[in-house]
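Topology and contacts: notes
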Amino acid sequence: MSEIKMISPAVKNVPWQEKPEGLKGAPIWRYTENPIIGRNPIEGVARIFNSAVMPYGDGFIGVFRGEQTNGISFIYLGHSKDAIHWEFEPDKIAFKDENGNDFMPLYAYDPRLVKVEDTYYVIWCQDFYGASIGMAKTTDFKTFTRIENPFIPFNRNAVLFPRKINGNYMLLSRPSDSGHTPFGDIFLSESPDMVYWGKHRHVMARSGEWWESLKIGGGAAPIETTEGWLLFYHGVSGTCNGYVYSIGGAILDIDNPSKVLYRCENFLLTPEEWYEERGFVPNVCFPCATIHDSESGKIALYYGCADSYVGLAFTKLDEIVDYIKKHSHVTESDTEIGIR
């Protein structure tokens with residue numbers, strides 16, 4: 001048995017497919033039936049991608065980026081018994097303000113879904129007089145109440161940690177610009193109440209490796225382990241034919257997650273399959289969520305593919321942590337506390 005453990009509830013029905021023989025590179029492998037969500041999944045929605053899922057009840061629930069046929073993205077709710085085959089509610093999530101009045105964003109995309117204590121938080125990118133972060137909370141997935149936007153523009157890729165650290169909520173984000181942002185590092189912010197955010201710290205920067213040489217951003221909610229916080233994130237490179245999005249891995253300090261303990265110099269996944277290379281935005285692997293079982297160490301990673309599909313990949317905790325540590329390369333800006 002591995003000495004590396006997850007500190008999280010058991011999920012015995014985690015989706016799973018065994019590792020294929022002869023796997024090369026990182027110990028992470030794609031589901032052979034990918035993509036798990038194809039085109040035109042809902043009336044009026046052309047594509048679902050860059051979406052987040054988690055266990056709920058005796059099944060699974062998710063918040064999904066639905067790109068409507070008019071080109072505007074909103075968030076849709078989905079349900080599944082096995083976390084592979086999904087049924088979607090036909091209407092986009094109806095967000096409310098604290099008084100119960102309608103309070104819809106102009107658009108919403110790339111949602112994350114994280115449970116902290118007894119509350120589920122939905123985090124997404126939206127217009128706040130410029131691209132920034134929107135948030136809502138729910139306890140029943142029936143009423144979604146908007147809470148304060150954490151930052152002014154411009155910011156994207158916000159990812160909440162699944163528990164408080166030193167009594168505060170912790171949030172990763174990637175400051176950006178008003179366009180497609182040809183730069184970007186991951187930062188950490190904290191809050192006592194999910195309203196006021198501060199104590200901002202730098203976590204890590206883009207690197208000299210080709211696959212993350214342009215910018216990086218948070219992906220799935222960090223997984224708490226005995227080695228630290230396991231983070232799947234995205235790295236972006238620029239080519240003569242546009243951006244390429246790959247998936248990377250790092251381990252952050254458990255008490256001070258602005259400090260990077262290990263950072264894999266190799267990508268974990270990069271676009272290679274048709275559904276990753278070909279689509280509305282080609283050459284994209286964009287991680288957004290994991291379902292993981294603390295008893296077996298199984299991890300199911302959900303990622304957006306070419307802004308057109310949802311893909312699923314698998315790994316084991318001990319294997320992926322060992323790989324990240326074996327191939328780690330950190331710099332001073334990674335390992336320092338992140339304040340200047």
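Residues numbered from 1 in each chain as written. Predicted model: local features only at pLDDT ≥ 70, side-chain atom pairs only at ≥ 80, totals over all residues. Heavy atoms only, no water.

With that settled, the discussion passes to the packing of aromatic side chains. All chains considered together, the criterion is met by 21 aromatic pairs. When the centroid spacing of 4.8 Å and the interplanar angle of 70° are considered together, the rings of tyrosine 56 and phenylalanine 141 count as edge-to-face. Taken as a pair, tyrosine 56 in strand S2 (residues 45-56) and phenylalanine 141 in the loop between strand S9 (131-138) and strand S10 (144-147) lie far apart in primary sequence, 85 residues in all. Judged by relative accessible area, tyrosine 56 falls into the partly exposed class, the value being 28%. (Phe/Tyr/Trp six-rings, centres within 6.5 Å; stacked < 30°, edge-to-face > 60°. Helix = DSSP H or I, 4+ residues; strand = E, 2+ residues; numbered from the N terminus. Buried < 20%, exposed > 50% of the residue type's maximum accessible area, 1.4 Å probe, protein only.)

The next subject is the side chain of arginine 156. Checked against the element boundaries, arginine 156 lands in strand S11 (residues 155-160). Nearest to the buried, unbridged arginine 156 among oppositely charged side chains is aspartate 177, at 4.5 Å. Polar side-chain contacts of arginine 156 include one of 3.3 Å to the side chain of serine 176. Look past the residues within four positions of arginine 156 in its chain and what remains in contact with it is Tyr109, Cys125, Ala131, Ile133, Ser173, Arg174, Ser176, Asp177, Ser178, Gly179 and Thr181. (Lys, Arg positive; Asp, Glu negative; His and termini not counted. Salt bridge = Lys/Arg side-chain N within 4 Å of Asp/Glu carboxyl O. Polar contact = N/O pair within 3.5 Å; in protein donor to acceptor, adjacent residues only side chain to side chain. Contact = heavy atoms within 4.5 Å.)

Moving on: the side chain of glutamate 190. Here glutamate 190 shows up in strand S13 (residues 186-191). The side chain of glutamate 190 sits in the buried core without any salt bridge; lysine 199 is the nearest counter-charge, 4.3 Å away. Separated by 2.7 Å, the side chains of glutamate 190 and asparagine 168 make a polar contact. Apart from residues no more than four positions distant in its own chain, glutamate 190 is found in contact with Asn168, Tyr169, Met170, Tyr196, Trp197, Gly198 and Lys199.

If you walk across this open sheet you meet the four strands as S11-S12-S13-S14, and the pairing is antiparallel. What marks the edges here is a single partner per strand, and that holds for S11 and strand S14 (198-204). Adjacent strand axes in the sheet meet at a mean angle of 30°, parallel and antiparallel pairs treated alike. Inspection of the sheet shows S11 paired to strand S12 (residues 169-175) by four bridges, in the antiparallel sense. When the sheet's bridge partners are listed, asparagine 155 is paired in S12 with proline 175. (Pairing = 2+ DSSP bridges. Axes fitted to C-alpha atoms, helices over the stretch in contact; angles between N-to-C directions.)

Attention now moves to the state of the cysteines. A complete count under the given rule lists zero disulfides for this structure. With no disulfide of its own, cysteine 125 has cysteine 288 as its nearest cysteine by sulfur position, at a separation of 12 Å. Overall, the relative accessible area of 3% leaves cysteine 125 in the buried class. Residue cysteine 285 stays outside any disulfide, its sulfur separated by 5.9 Å from that of cysteine 305, the closest cysteine. Classification of cysteine 285 as buried rests on a relative accessible area of 0%. (Disulfide = S-S within 2.5 Å.)

So, on to the nonpolar core. Within soluble globular proteins, side chains that are nonpolar generally end up buried alongside one another. Counting residues in each nonpolar core, the largest one holds 41 residues, and the members touching the most others are Ile36, Trp86, Leu113 and Tyr302. Looking at this core, the elements that each hand over two or more residues are S2, strand S3 (59-68), strand S4 (73-80), strand S7 (108-116), strand S8 (119-127), strand S20 (285-292), strand S21 (298-305) and strand S22 (309-316). Here this core gets five residues from one element, more than from any other, and that element is S2. Judged by nonpolar contacts, the second largest core, of 32 residues, contains Val114, Val116, Ile216 and Ala250. (Core = buried A, V, L, I, M, F, W, Y, C linked by side-chain atoms within 4.5 Å.)

We now examine the pattern of salt bridges. Should their charged atoms come close, side chains of opposite charge can pair. This model, assessed by the stated rule, comprises 13 salt bridges. We note a salt bridge from glutamate 212 to arginine 263, for which the minimum N-O separation is 3.1 Å. On the criterion of sequence distance, the pair formed by glutamate 212 in the loop between S14 and strand S15 (215-218) and arginine 263 in strand S19 (residues 260-263) is long-range, its members being 51 residues apart. Glutamate 212 gets classed as buried once you look at its relative accessible area, which sits at 1%. Its relative accessible area of 3% is what places arginine 263 among the buried residues. Linking glutamate 227 and lysine 325 is a salt bridge whose minimum nitrogen-to-oxygen distance equals 2.8 Å. Residue glutamate 227 is found in the loop between strand S16 (223-225) and strand S17 (228-239), and its partner lysine 325 is found in helix H2 (residues 317-326); the two are separated by 98 residues along the sequence. Assessed through its relative accessible area of 25%, glutamate 227 is described here as partly exposed.

So, about the environment of tryptophan 197. Checked against the element boundaries, tryptophan 197 lands in the loop between S13 and S14. As a C-alpha pair, tryptophan 197 and phenylalanine 151 span 46 residues in sequence and 7.8 Å in three-dimensional space. Ignoring any residue separated from it by four or fewer positions in sequence, one finds tryptophan 197 in contact with Met135, Pro150, Phe151, Leu160, Tyr169, Met170, Leu171, Ser189, Glu190 and Ser191.

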